[in-house]
Amino acid sequence: EEMARRDAAELQRGQRKPRSPHGWGLLVALWLLAFYEPVLTESHLRRKNLEFIFIRFSAWEFAGCDKLWAGLVTTLCHHIRRHFGALPLSVFHVLGSRPRFASGFSQREWILKKGTCLRLWGLLLVLAVGVAILLVALLVPGIKDHRALKVVGSAAASLSGSSLLLGAFSILKNFLVSEKKKIERLTDSDRFAGQLGFMSKIRGEVEALVDFLAFMEVFERRRLRVVLEITGLDLCYPEKVAGVFNAMATLLSDANAPFIFLLAVDPGVIVPCLEQTGCMKGLADNGYLYLNRAVTLPFSIPEMGARSRLRSVEAAIQTREDLMYRIIAGNVAKTRACPADPRLPRPRPDSEAVAWIHEAFRCLHDSGDVLPRYLPDNGANVRRIVNTIPITLRLLLHRSGGDAGVPSPRAAAAWVVLADRWPCRLSWTLQCLENAGRDEGKGNASGKSLWSVFRENVAELSALRQPLGKVLSLDADPELFREFLERDFPFGVGEARQLLAVTVNLDHSIRQRMALLRALQRL
(Lines give C-alpha, C1' and ligand atoms only; values in the text may rest on other atoms or scores of the structure.)
Protein backbone atom coordinates (compact mmCIF):
# COMPACT_ATOMS: atom_id res chain seq x y z
CA GLU A 1 0.00 0.00 0.00
CA GLU A 2 2.84 2.37 0.81
CA MET A 3 4.53 1.59 -2.52
CA ALA A 4 1.31 2.28 -4.47
CA ARG A 5 0.70 5.51 -2.56
CA ARG A 6 4.20 6.77 -3.28
CA ASP A 7 3.98 5.83 -6.98
CA ALA A 8 0.74 7.82 -7.28
CA ALA A 9 2.33 10.81 -5.52
CA GLU A 10 5.31 10.75 -7.88
CA LEU A 11 3.01 10.68 -10.92
CA GLN A 12 1.13 13.71 -9.59
CA ARG A 13 4.46 15.53 -9.28
CA GLY A 14 4.99 15.04 -13.01
CA GLN A 15 7.52 12.22 -12.78
CA ARG A 16 7.62 9.50 -15.39
CA LYS A 17 5.79 6.23 -14.75
CA PRO A 18 7.89 3.39 -13.27
CA ARG A 19 8.65 0.41 -15.48
CA SER A 20 9.64 -3.20 -14.91
CA PRO A 21 12.07 -5.55 -16.72
CA HIS A 22 9.29 -7.82 -17.98
CA GLY A 23 7.61 -8.08 -21.36
CA TRP A 24 8.68 -5.21 -23.63
CA GLY A 25 10.53 -3.75 -20.69
CA LEU A 26 12.94 -6.70 -20.84
CA LEU A 27 14.05 -5.74 -24.36
CA VAL A 28 14.53 -2.13 -23.28
CA ALA A 29 16.53 -3.24 -20.26
CA LEU A 30 18.80 -5.48 -22.37
CA TRP A 31 19.38 -2.65 -24.86
CA LEU A 32 20.31 -0.22 -22.10
CA LEU A 33 22.50 -2.82 -20.40
CA ALA A 34 24.49 -3.38 -23.56
CA PHE A 35 24.95 0.14 -24.92
CA TYR A 36 24.20 2.69 -22.19
CA GLU A 37 25.65 3.68 -18.84
CA PRO A 38 23.24 4.79 -16.08
CA VAL A 39 23.69 8.14 -14.35
CA LEU A 40 22.43 9.14 -10.91
CA THR A 41 20.87 12.55 -11.44
CA GLU A 42 19.48 14.99 -8.91
CA SER A 43 15.91 14.10 -9.88
CA HIS A 44 16.60 10.43 -9.28
CA LEU A 45 18.00 11.11 -5.82
CA ARG A 46 14.86 13.10 -5.00
CA ARG A 47 12.52 10.26 -5.91
CA LYS A 48 10.28 9.14 -3.07
CA ASN A 49 8.70 6.06 -4.64
CA LEU A 50 10.09 2.75 -3.42
CA GLU A 51 9.89 -0.90 -4.30
CA PHE A 52 10.47 -3.37 -1.48
CA ILE A 53 11.75 -6.86 -2.28
CA PHE A 54 10.95 -9.06 0.72
CA ILE A 55 13.13 -12.12 1.27
CA ARG A 56 12.43 -14.47 4.17
CA PHE A 57 15.43 -16.35 5.51
CA SER A 58 14.75 -19.08 8.05
CA ALA A 59 18.07 -19.85 9.71
CA TRP A 60 16.70 -23.18 10.94
CA GLU A 61 16.48 -24.46 7.34
CA PHE A 62 20.23 -23.95 6.89
CA ALA A 63 21.29 -25.01 10.40
CA GLY A 64 22.80 -28.23 9.06
CA CYS A 65 25.28 -26.60 6.66
CA ASP A 66 28.85 -25.79 7.67
CA LYS A 67 28.51 -22.06 7.09
CA LEU A 68 25.11 -20.61 7.88
CA TRP A 69 26.10 -17.19 6.55
CA ALA A 70 26.72 -18.79 3.12
CA GLY A 71 23.07 -19.84 3.16
CA LEU A 72 22.09 -16.22 3.80
CA VAL A 73 24.11 -14.99 0.80
CA THR A 74 22.81 -17.73 -1.50
CA THR A 75 19.22 -16.99 -0.49
CA LEU A 76 19.77 -13.32 -1.30
CA CYS A 77 21.28 -14.12 -4.72
CA HIS A 78 18.53 -16.61 -5.57
CA HIS A 79 15.65 -14.23 -4.79
CA ILE A 80 17.23 -11.27 -6.61
CA ARG A 81 17.75 -13.45 -9.68
CA ARG A 82 14.18 -14.76 -9.53
CA HIS A 83 12.69 -11.28 -9.03
CA PHE A 84 14.40 -9.56 -11.98
CA GLY A 85 15.01 -12.58 -14.22
CA ALA A 86 18.16 -14.50 -15.08
CA LEU A 87 18.83 -12.82 -18.44
CA PRO A 88 19.23 -9.17 -17.27
CA LEU A 89 21.52 -10.25 -14.43
CA SER A 90 23.60 -12.42 -16.78
CA VAL A 91 24.02 -9.59 -19.30
CA PHE A 92 24.92 -7.20 -16.48
CA HIS A 93 27.76 -9.48 -15.33
CA VAL A 94 29.32 -9.19 -18.81
CA LEU A 95 28.32 -5.77 -20.16
CA GLY A 96 26.73 -3.82 -17.29
CA SER A 97 28.29 -1.00 -15.28
CA ARG A 98 27.53 0.66 -11.97
CA PRO A 99 25.77 4.03 -12.19
CA ARG A 100 27.93 7.11 -11.78
CA PHE A 101 26.92 10.46 -10.42
CA ALA A 102 25.96 13.20 -12.86
CA SER A 103 28.32 16.10 -13.40
CA GLY A 104 26.57 19.35 -12.51
CA PHE A 105 22.79 19.52 -12.82
CA SER A 106 22.44 17.37 -15.92
CA GLN A 107 19.18 15.42 -16.12
CA ARG A 108 20.41 12.79 -18.59
CA GLU A 109 20.00 9.38 -16.97
CA TRP A 110 21.60 7.37 -19.78
CA ILE A 111 24.90 8.00 -21.56
CA LEU A 112 25.97 6.05 -24.62
CA LYS A 113 28.93 3.73 -24.08
CA LYS A 114 31.08 5.05 -26.90
CA GLY A 115 33.90 2.61 -26.18
CA THR A 116 31.58 -0.39 -26.25
CA CYS A 117 29.90 0.81 -29.43
CA LEU A 118 33.24 1.44 -31.15
CA ARG A 119 34.56 -1.98 -30.16
CA LEU A 120 31.37 -3.66 -31.35
CA TRP A 121 31.31 -1.81 -34.66
CA GLY A 122 35.02 -2.48 -35.07
CA LEU A 123 34.56 -6.20 -34.51
CA LEU A 124 31.60 -6.31 -36.89
CA LEU A 125 33.58 -4.37 -39.50
CA VAL A 126 36.60 -6.64 -39.19
CA LEU A 127 34.29 -9.67 -39.35
CA ALA A 128 32.58 -8.34 -42.47
CA VAL A 129 35.91 -7.50 -44.14
CA GLY A 130 37.37 -10.89 -43.22
CA VAL A 131 34.32 -12.76 -44.53
CA ALA A 132 34.38 -10.65 -47.73
CA ILE A 133 38.09 -11.32 -48.32
CA LEU A 134 37.57 -15.01 -47.63
CA LEU A 135 34.64 -15.22 -50.04
CA VAL A 136 36.58 -13.38 -52.73
CA ALA A 137 39.58 -15.66 -52.25
CA LEU A 138 37.36 -18.72 -52.51
CA LEU A 139 34.92 -17.77 -55.26
CA VAL A 140 36.47 -15.20 -57.62
CA PRO A 141 38.29 -16.88 -60.55
CA GLY A 142 41.94 -15.99 -60.86
CA ILE A 143 42.28 -15.20 -57.16
CA LYS A 144 41.59 -18.69 -55.81
CA ASP A 145 45.27 -19.57 -55.98
CA HIS A 146 46.34 -16.69 -53.68
CA ARG A 147 46.79 -18.35 -50.29
CA ALA A 148 47.69 -15.08 -48.61
CA LEU A 149 44.19 -13.65 -49.07
CA LYS A 150 42.67 -16.82 -47.63
CA VAL A 151 44.93 -16.61 -44.60
CA VAL A 152 44.16 -12.92 -44.03
CA GLY A 153 40.42 -13.39 -44.44
CA SER A 154 40.33 -16.46 -42.21
CA ALA A 155 42.38 -14.74 -39.49
CA ALA A 156 40.26 -11.57 -39.51
CA ALA A 157 36.98 -13.50 -39.46
CA SER A 158 38.21 -15.90 -36.78
CA LEU A 159 39.54 -13.22 -34.41
CA SER A 160 36.49 -10.97 -34.63
CA GLY A 161 34.03 -13.87 -34.57
CA SER A 162 35.75 -15.51 -31.61
CA SER A 163 35.60 -12.24 -29.65
CA LEU A 164 31.86 -11.99 -30.27
CA LEU A 165 31.33 -15.66 -29.44
CA LEU A 166 33.38 -15.29 -26.26
CA GLY A 167 31.07 -12.50 -25.05
CA ALA A 168 27.98 -14.53 -25.93
CA PHE A 169 29.48 -17.56 -24.17
CA SER A 170 30.11 -15.51 -21.03
CA ILE A 171 26.48 -14.36 -21.01
CA LEU A 172 25.28 -17.95 -21.55
CA LYS A 173 27.53 -19.21 -18.76
CA ASN A 174 26.16 -16.66 -16.28
CA PHE A 175 22.64 -17.50 -17.45
CA LEU A 176 23.07 -21.23 -16.78
CA VAL A 177 25.28 -21.01 -13.67
CA SER A 178 23.62 -18.75 -11.10
CA GLU A 179 25.37 -16.91 -8.29
CA LYS A 180 23.81 -19.37 -5.84
CA LYS A 181 25.41 -22.31 -7.65
CA LYS A 182 28.78 -20.56 -7.71
CA ILE A 183 28.77 -20.03 -3.94
CA GLU A 184 27.50 -23.56 -3.30
CA ARG A 185 30.29 -24.93 -5.50
CA LEU A 186 32.85 -23.01 -3.47
CA THR A 187 31.42 -24.18 -0.15
CA ASP A 188 31.23 -27.81 -1.34
CA SER A 189 34.91 -27.82 -2.21
CA ASP A 190 37.19 -29.99 -0.06
CA ARG A 191 39.58 -27.05 0.21
CA PHE A 192 36.82 -24.76 1.49
CA ALA A 193 38.23 -24.37 5.00
CA GLY A 194 41.65 -23.24 3.82
CA GLN A 195 40.74 -21.67 0.49
CA LEU A 196 42.57 -18.38 0.04
CA GLY A 197 40.49 -15.55 -1.31
CA PHE A 198 37.20 -17.29 -0.63
CA MET A 199 35.69 -14.30 1.17
CA SER A 200 36.90 -12.00 -1.60
CA LYS A 201 34.98 -14.10 -4.13
CA ILE A 202 31.85 -13.93 -2.00
CA ARG A 203 32.36 -10.21 -1.60
CA GLY A 204 32.70 -9.88 -5.38
CA GLU A 205 29.36 -11.61 -5.95
CA VAL A 206 27.68 -9.35 -3.41
CA GLU A 207 29.18 -6.22 -4.97
CA ALA A 208 27.93 -7.32 -8.38
CA LEU A 209 24.43 -7.69 -6.92
CA VAL A 210 24.61 -4.23 -5.35
CA ASP A 211 25.74 -2.70 -8.66
CA PHE A 212 22.93 -4.51 -10.50
CA LEU A 213 20.34 -3.18 -8.04
CA ALA A 214 21.71 0.34 -8.52
CA PHE A 215 21.33 -0.11 -12.28
CA MET A 216 17.76 -1.35 -11.91
CA GLU A 217 16.90 1.65 -9.72
CA VAL A 218 17.66 3.98 -12.63
CA PHE A 219 15.88 1.70 -15.11
CA GLU A 220 12.71 1.26 -13.04
CA ARG A 221 12.66 4.98 -12.06
CA ARG A 222 12.27 4.25 -8.35
CA ARG A 223 14.38 3.32 -5.35
CA LEU A 224 14.87 -0.33 -4.43
CA ARG A 225 15.17 -1.82 -0.97
CA VAL A 226 15.85 -5.50 -0.31
CA VAL A 227 14.32 -6.49 3.04
CA LEU A 228 15.71 -9.72 4.50
CA GLU A 229 13.54 -11.16 7.26
CA ILE A 230 15.79 -13.38 9.40
CA THR A 231 13.88 -15.80 11.62
CA GLY A 232 14.70 -18.99 13.50
CA LEU A 233 18.14 -17.79 14.54
CA ASP A 234 17.49 -18.60 18.20
CA LEU A 235 17.14 -22.29 17.24
CA CYS A 236 20.71 -22.61 15.87
CA TYR A 237 24.08 -23.34 17.42
CA PRO A 238 26.10 -20.41 18.84
CA GLU A 239 28.80 -20.50 16.13
CA LYS A 240 26.19 -20.29 13.39
CA VAL A 241 24.48 -17.33 15.11
CA ALA A 242 27.76 -15.42 15.10
CA GLY A 243 28.26 -16.35 11.43
CA VAL A 244 24.95 -14.77 10.44
CA PHE A 245 25.90 -11.55 12.24
CA ASN A 246 29.21 -11.55 10.34
CA ALA A 247 27.37 -12.01 7.04
CA MET A 248 25.07 -9.10 7.89
CA ALA A 249 28.11 -6.94 8.62
CA THR A 250 29.62 -7.96 5.26
CA LEU A 251 26.48 -7.09 3.33
CA LEU A 252 26.06 -3.77 5.15
CA SER A 253 29.71 -2.72 4.88
CA ASP A 254 28.85 -0.71 1.75
CA ALA A 255 27.20 2.54 2.84
CA ASN A 256 25.06 2.56 -0.34
CA ALA A 257 23.93 -1.07 -0.06
CA PRO A 258 20.12 -1.25 -0.42
CA PHE A 259 19.70 -3.91 2.28
CA ILE A 260 17.43 -3.80 5.32
CA PHE A 261 17.65 -6.65 7.83
CA LEU A 262 14.69 -7.50 10.04
CA LEU A 263 16.15 -9.65 12.80
CA ALA A 264 13.32 -11.40 14.68
CA VAL A 265 14.99 -13.00 17.69
CA ASP A 266 14.67 -13.42 21.44
CA PRO A 267 17.63 -11.54 22.99
CA GLY A 268 17.44 -13.78 26.03
CA VAL A 269 18.45 -16.69 23.77
CA ILE A 270 20.76 -14.89 21.34
CA VAL A 271 22.93 -13.11 23.93
CA PRO A 272 24.20 -16.33 25.62
CA CYS A 273 24.93 -17.77 22.16
CA LEU A 274 27.05 -14.75 21.23
CA GLU A 275 28.87 -14.82 24.55
CA GLN A 276 29.94 -18.43 23.93
CA THR A 277 31.68 -17.60 20.65
CA GLY A 278 34.92 -15.81 19.88
CA CYS A 279 33.21 -12.78 18.36
CA MET A 280 32.93 -11.16 21.80
CA LYS A 281 36.64 -10.53 22.24
CA GLY A 282 37.17 -6.87 23.05
CA LEU A 283 33.58 -6.30 24.19
CA ALA A 284 34.06 -7.56 27.75
CA ASP A 285 32.05 -10.71 26.87
CA ASN A 286 28.86 -8.64 26.92
CA GLY A 287 26.32 -9.94 24.40
CA TYR A 288 23.94 -7.04 24.96
CA LEU A 289 26.71 -4.57 24.07
CA TYR A 290 27.35 -6.52 20.86
CA LEU A 291 23.66 -6.38 19.94
CA ASN A 292 23.60 -2.63 20.59
CA ARG A 293 26.50 -2.22 18.16
CA ALA A 294 24.95 -4.46 15.49
CA VAL A 295 21.29 -3.35 15.61
CA THR A 296 20.62 0.18 14.39
CA LEU A 297 16.90 0.30 15.17
CA PRO A 298 15.85 -1.83 18.15
CA PHE A 299 12.15 -2.58 18.40
CA SER A 300 10.99 -4.62 21.38
CA ILE A 301 7.41 -5.76 20.84
CA PRO A 302 5.31 -4.29 23.67
CA GLU A 303 3.04 -6.36 25.84
CA MET A 304 0.05 -7.66 23.93
CA GLY A 305 -3.24 -5.94 24.72
CA ALA A 306 -6.55 -7.67 25.37
CA ARG A 307 -7.89 -7.26 21.82
CA SER A 308 -4.62 -8.35 20.25
CA ARG A 309 -4.54 -11.41 22.49
CA LEU A 310 -8.10 -12.34 21.50
CA ARG A 311 -7.26 -11.91 17.79
CA SER A 312 -4.25 -14.19 18.25
CA VAL A 313 -6.46 -16.82 19.88
CA GLU A 314 -9.06 -16.50 17.11
CA ALA A 315 -6.41 -16.98 14.41
CA ALA A 316 -5.04 -20.05 16.19
CA ILE A 317 -8.53 -21.54 16.62
CA GLN A 318 -9.36 -21.04 12.95
CA THR A 319 -6.27 -22.97 11.90
CA ARG A 320 -7.13 -25.70 14.40
CA GLU A 321 -10.79 -26.19 13.48
CA ASP A 322 -10.04 -27.36 9.94
CA LEU A 323 -7.82 -30.13 11.27
CA MET A 324 -10.29 -30.87 14.05
CA TYR A 325 -13.20 -31.47 11.68
CA ARG A 326 -11.08 -33.79 9.53
CA ILE A 327 -10.24 -35.87 12.59
CA ILE A 328 -13.89 -35.88 13.67
CA ALA A 329 -15.06 -37.08 10.25
CA GLY A 330 -12.44 -39.83 10.28
CA ASN A 331 -13.40 -40.91 13.79
CA VAL A 332 -17.10 -41.06 12.91
CA ALA A 333 -16.31 -43.25 9.90
CA LYS A 334 -14.18 -45.57 12.04
CA THR A 335 -16.89 -45.77 14.70
CA ARG A 336 -19.48 -46.83 12.14
CA ALA A 337 -17.16 -49.40 10.58
CA CYS A 338 -15.76 -51.04 13.76
CA PRO A 339 -17.98 -53.05 16.18
CA ALA A 340 -17.90 -51.98 19.82
CA ASP A 341 -15.97 -54.07 22.34
CA PRO A 342 -18.18 -54.71 25.42
CA ARG A 343 -15.12 -55.06 27.66
CA LEU A 344 -14.01 -51.45 27.03
CA PRO A 345 -15.74 -48.40 28.55
CA ARG A 346 -18.33 -47.03 26.19
CA PRO A 347 -16.98 -43.87 24.55
CA ARG A 348 -19.09 -40.78 24.52
CA PRO A 349 -20.46 -39.62 21.17
CA ASP A 350 -18.02 -37.55 19.16
CA SER A 351 -20.56 -34.76 18.99
CA GLU A 352 -20.19 -34.30 22.74
CA ALA A 353 -16.42 -33.94 22.38
CA VAL A 354 -16.98 -31.34 19.65
CA ALA A 355 -19.36 -29.41 21.92
CA TRP A 356 -16.83 -29.48 24.76
CA ILE A 357 -14.01 -28.29 22.49
CA HIS A 358 -16.09 -25.41 21.16
CA GLU A 359 -17.13 -24.45 24.68
CA ALA A 360 -13.47 -24.37 25.76
CA PHE A 361 -12.53 -22.27 22.74
CA ARG A 362 -15.43 -19.91 23.49
CA CYS A 363 -14.08 -19.35 27.00
CA LEU A 364 -10.63 -18.61 25.57
CA HIS A 365 -12.10 -16.07 23.17
CA ASP A 366 -14.65 -14.48 25.51
CA SER A 367 -13.57 -10.96 26.45
CA GLY A 368 -15.87 -11.11 29.48
CA ASP A 369 -14.05 -14.13 30.91
CA VAL A 370 -10.91 -13.84 33.03
CA LEU A 371 -9.20 -16.76 31.25
CA PRO A 372 -7.93 -14.73 28.21
CA ARG A 373 -6.10 -12.48 30.67
CA TYR A 374 -3.68 -15.30 31.44
CA LEU A 375 -2.88 -16.20 27.81
CA PRO A 376 0.72 -15.64 26.69
CA ASP A 377 1.76 -12.87 24.32
CA ASN A 378 3.76 -15.25 22.14
CA GLY A 379 1.75 -16.51 19.18
CA ALA A 380 3.57 -19.86 19.18
CA ASN A 381 2.55 -20.47 22.81
CA VAL A 382 -1.06 -19.55 21.99
CA ARG A 383 -1.13 -22.08 19.14
CA ARG A 384 0.35 -24.70 21.47
CA ILE A 385 -2.45 -24.11 23.98
CA VAL A 386 -5.10 -24.23 21.25
CA ASN A 387 -3.67 -27.50 19.92
CA THR A 388 -3.49 -29.06 23.39
CA ILE A 389 -7.04 -28.32 24.58
CA PRO A 390 -8.86 -30.71 22.15
CA ILE A 391 -6.52 -33.57 23.08
CA THR A 392 -6.97 -32.93 26.80
CA LEU A 393 -10.76 -32.80 26.53
CA ARG A 394 -10.97 -35.99 24.47
CA LEU A 395 -8.76 -37.84 26.96
CA LEU A 396 -10.85 -36.47 29.82
CA LEU A 397 -14.12 -37.66 28.27
CA HIS A 398 -12.63 -41.04 27.38
CA ARG A 399 -11.33 -41.69 30.91
CA SER A 400 -14.53 -40.54 32.60
CA GLY A 401 -16.66 -43.09 30.73
CA GLY A 402 -19.88 -41.23 31.53
CA ASP A 403 -19.17 -40.72 35.24
CA ALA A 404 -20.31 -37.58 37.01
CA GLY A 405 -17.95 -35.06 38.51
CA VAL A 406 -15.91 -34.46 35.38
CA PRO A 407 -14.20 -31.01 35.27
CA SER A 408 -15.93 -28.56 32.95
CA PRO A 409 -14.45 -27.54 29.56
CA ARG A 410 -13.58 -24.15 31.04
CA ALA A 411 -11.70 -25.80 33.92
CA ALA A 412 -9.83 -28.09 31.49
CA ALA A 413 -8.86 -25.11 29.32
CA ALA A 414 -7.68 -23.23 32.40
CA TRP A 415 -5.61 -26.24 33.46
CA VAL A 416 -3.91 -26.33 30.03
CA VAL A 417 -3.10 -22.62 30.36
CA LEU A 418 -1.76 -23.21 33.88
CA ALA A 419 0.56 -25.99 32.71
CA ASP A 420 1.83 -23.91 29.81
CA ARG A 421 2.40 -20.66 31.71
CA TRP A 422 3.83 -21.97 35.02
CA PRO A 423 5.32 -25.43 34.38
CA CYS A 424 7.86 -25.18 37.23
CA ARG A 425 5.51 -24.00 39.98
CA LEU A 426 2.77 -26.41 38.91
CA SER A 427 5.24 -29.32 38.79
CA TRP A 428 6.50 -28.41 42.27
CA THR A 429 2.96 -28.29 43.64
CA LEU A 430 2.08 -31.65 42.08
CA GLN A 431 5.29 -33.22 43.37
CA CYS A 432 4.60 -31.98 46.89
CA LEU A 433 1.05 -33.31 46.56
CA GLU A 434 2.37 -36.70 45.46
CA ASN A 435 4.80 -36.86 48.37
CA ALA A 436 2.05 -35.87 50.80
CA GLY A 437 -0.15 -38.67 49.48
CA ARG A 438 2.61 -41.21 50.14
CA ASP A 439 3.26 -39.88 53.62
CA GLU A 440 0.73 -41.58 55.88
CA GLY A 441 1.41 -39.15 58.69
CA LYS A 442 -0.06 -36.22 56.78
CA GLY A 443 -3.44 -37.81 56.21
CA ASN A 444 -5.72 -37.16 53.28
CA ALA A 445 -5.14 -33.86 51.50
CA SER A 446 -8.09 -34.11 49.07
CA GLY A 447 -9.92 -31.23 50.72
CA LYS A 448 -7.07 -28.77 50.20
CA SER A 449 -6.60 -26.38 47.32
CA LEU A 450 -3.57 -26.33 45.04
CA TRP A 451 -2.69 -22.84 46.22
CA SER A 452 -2.57 -23.92 49.85
CA VAL A 453 -0.29 -26.84 48.95
CA PHE A 454 2.05 -24.51 47.08
CA ARG A 455 2.04 -21.94 49.87
CA GLU A 456 2.97 -24.58 52.45
CA ASN A 457 6.00 -25.72 50.43
CA VAL A 458 7.15 -22.47 48.80
CA ALA A 459 9.99 -22.05 51.31
CA GLU A 460 11.52 -25.34 50.21
CA LEU A 461 11.23 -24.27 46.56
CA SER A 462 12.98 -21.02 47.42
CA ALA A 463 15.87 -23.00 48.90
CA LEU A 464 16.25 -24.87 45.58
CA ARG A 465 16.38 -21.73 43.44
CA GLN A 466 19.92 -22.33 42.24
CA PRO A 467 19.59 -25.92 40.91
CA LEU A 468 16.13 -25.12 39.50
CA GLY A 469 17.07 -21.73 38.08
CA LYS A 470 16.65 -22.63 34.40
CA VAL A 471 13.34 -24.38 35.04
CA LEU A 472 12.04 -21.45 37.09
CA SER A 473 12.85 -19.11 34.20
CA LEU A 474 10.13 -20.89 32.16
CA ASP A 475 7.40 -19.54 34.45
CA ALA A 476 5.43 -16.37 33.83
CA ASP A 477 4.67 -13.65 36.40
CA PRO A 478 4.49 -15.19 39.92
CA GLU A 479 1.85 -12.68 40.98
CA LEU A 480 -0.40 -13.84 38.15
CA PHE A 481 0.14 -17.42 39.35
CA ARG A 482 -1.15 -16.46 42.79
CA GLU A 483 -4.21 -14.72 41.36
CA PHE A 484 -4.87 -17.64 39.03
CA LEU A 485 -4.97 -20.33 41.75
CA GLU A 486 -6.15 -18.29 44.71
CA ARG A 487 -8.94 -16.23 43.16
CA ASP A 488 -9.93 -17.07 39.56
CA PHE A 489 -9.38 -20.85 39.29
CA PRO A 490 -9.10 -22.38 42.80
CA PHE A 491 -8.40 -25.96 41.75
CA GLY A 492 -8.81 -28.53 44.52
CA VAL A 493 -6.48 -31.44 45.09
CA GLY A 494 -9.03 -33.98 43.84
CA GLU A 495 -9.70 -32.02 40.67
CA ALA A 496 -5.97 -31.56 40.09
CA ARG A 497 -5.35 -35.30 40.35
CA GLN A 498 -8.15 -35.94 37.88
CA LEU A 499 -6.74 -33.44 35.39
CA LEU A 500 -3.14 -34.57 35.86
CA ALA A 501 -4.04 -37.96 34.37
CA VAL A 502 -4.93 -36.27 31.04
CA THR A 503 -2.24 -33.54 31.03
CA VAL A 504 -0.06 -33.77 27.92
CA ASN A 505 1.61 -30.33 27.86
CA LEU A 506 3.57 -30.64 31.13
CA ASP A 507 7.10 -32.02 31.01
CA HIS A 508 7.22 -34.84 33.57
CA SER A 509 11.02 -34.75 33.67
CA ILE A 510 10.72 -31.50 35.66
CA ARG A 511 8.88 -33.32 38.45
CA GLN A 512 11.38 -36.17 38.37
CA ARG A 513 14.24 -33.73 38.87
CA MET A 514 12.37 -32.02 41.69
CA ALA A 515 11.74 -35.36 43.37
CA LEU A 516 15.46 -36.14 43.23
CA LEU A 517 16.40 -32.73 44.67
CA ARG A 518 13.88 -33.07 47.51
CA ALA A 519 15.19 -36.54 48.36
CA LEU A 520 18.80 -35.31 48.37
CA GLN A 521 17.91 -32.34 50.54
CA ARG A 522 16.18 -34.55 53.11
CA LEU A 523 19.03 -37.04 53.50
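Counting starts from 1 at the beginning of each chain's written sequence and moves along it residue by residue. At least 70 in pLDDT is required for a residue's local features to be given in this predicted model, at least 80 for side-chain atom pairs to be given and counted, and no such filter applies to totals for whole chains, interfaces and linings, which use all residues. Only hydrogens and water are set aside when side-chain values are computed; all heavy atoms of the structure are taken into account.

Draft legend 1. Representation of the overall build of the chain in the model. Each helix and strand counted, the chain has 22 helices and 6 strands in total. Only protein chains enter the calculation, and the probe is 1.4 Å; a residue is then buried if its accessible area is under 20% of its type maximum, exposed if over 50%, and partly exposed in between. Every one of the 523 residues in the chain was classed for burial, and the buried ones make up 42%. Note on contacts: a residue pair is in contact if any heavy atoms of the two residues lie within 4.5 Å. Sequence separation of at least 24 residues holds for 80% of the intrachain contacts in the chain that already meet a minimum separation of 6. Computed with a 1.4 Å probe, the accessible areas rest on the Shrake-Rupley method; for each residue, only the protein chains presented here act as cover. Carbon and sulfur atoms provide 58% of the accessible area of the chain, an area that totals close to 29300 Å². By the criteria applied, helices consist of DSSP H or I runs no shorter than four residues and strands consist of E runs no shorter than two, each listed in order from the N terminus.

Draft legend 2. Region of interest: unusual backbone geometry. Residues other than glycine seldom take positive phi values, yet arginine 221 does so here, at roughly 65°. Of note, arginine 221 is situated in the loop between helix 9 (198–220) and strand 5 (223–231).

Draft legend 3. Highlighting the nonpolar core. Of all hydrophobic cores here, the largest spans 62 residues; its most connected members are Leu364, Ile389, Trp415, Leu418, Phe484 and Phe491. As used in this record, nonpolar core signifies buried Ala, Val, Leu, Ile, Met, Phe, Trp, Tyr and Cys residues forming a set joined through side-chain atoms within 4.5 Å. Core analysis: the second largest hydrophobic core is formed by 53 residues, Ile53, Leu233, Ala257 and Leu291 among them.

Draft legend 4. Just the side chain of arginine 511, in detail. Mapping arginine 511 onto the fold places it in helix 22 (residues 508–521). Sequence-distant contacts of arginine 511, that is, excluding residues within four places in its chain, are made with Ser427, Leu430, Gln431, Glu434 and Leu500.

Draft legend 5. How the structure looks around the sheet that holds strand 4 (residues 110–112). The mixed open sheet is built from 3 strands, whose spatial order is 3-1-4. Edge positions in the sheet fall to strand 3 (100–101) and strand 4, since each has one partner strand and no second. Sheet analysis places strand 1 (residues 36–40) next to strand 3, joined by 2 bridges and oriented parallel. Bridge assignment links valine 39 to a residue of strand 3, and that residue is arginine 100. Along the sheet, helix 2 (residues 24–35) makes contact with strand 1 and strand 4, crossing strand 1 at roughly 90°. In short, DSSP must find at least two bridges between two strands for them to pair. Angular values range over 0 to 180 degrees, each being the angle between N-to-C directions of two axes fitted as lines to C-alpha atoms, with helices fitted over their stretch in contact.

Draft legend 6. Molecular detail of helix 11 (residues 267–275). Buried within helix 11 we find Ile270, Val271, Cys273 and Leu274. The buried side chains of helix 11 occupy one side of the element, clustering within an arc of 165° when seen end-on. If you follow the buried residues of helix 11, they end up packed against helix 10 (238–251) and helix 12 (287–294). Working definition: the arc comes from the directions between the helix axis and the C-beta atoms, pointing outward to the latter.

Draft legend 7. The UniProt feature "transmembrane region" (unreviewed entry) in the chain, seen in detail. Taken from the UniProt record, the annotation "transmembrane region" (unreviewed entry) applies to residues 120–143 and 155–176. Between the first and last C-alpha atoms of residues 155–176 the distance is 31 Å; the span itself is 100% helix and 0% strand. UniProt positions are given in the numbering used here, feature names are shortened, and annotations may be inferred rather than shown by experiment.

Draft legend 8. Representation of the pairing of strand 1 within the structure. Relative to strand 4, strand 1 runs antiparallel, the two being bridged by 3 bridges. Note that in strand 4 the partner of glutamate 37 across the bridge is isoleucine 111.

Draft legend 9. Quick look at the pairing of strand 6 (residues 259–263). Bridge count between strand 5 and strand 6: 5 bridges; the pairing is parallel. Across the sheet, residue valine 227 finds its bridge partner in strand 6, namely isoleucine 260. As a crossover connection, the stretch from strand 5 through helix 10 into strand 6 is right-handed. The handedness of a crossover follows from its direction of travel: if, with the strands pointing away from the viewer, the path from the first strand over the helix to the second runs clockwise, the crossover is right-handed.

Draft legend 10. Structural detail: the pattern of salt bridges. One speaks of a salt bridge when a side-chain nitrogen belonging to Lys or Arg is within 4 Å of a carboxyl oxygen belonging to Asp or Glu. The final tally for this structure, using the stated rule, is 27 salt bridges. In this structure, glutamate 220 and arginine 222 form a salt bridge, with 3.2 Å as the shortest nitrogen-oxygen distance. In terms of burial, glutamate 220 and arginine 222 fall into one category: buried. Arginine 487 is the partner of aspartate 488 in a salt bridge, and the nearest nitrogen-oxygen pair spans 3.1 Å. When salt bridges with common partners are traced through the structure, they connect Asp7, Glu51, Glu220 and Arg222 into a single cluster.

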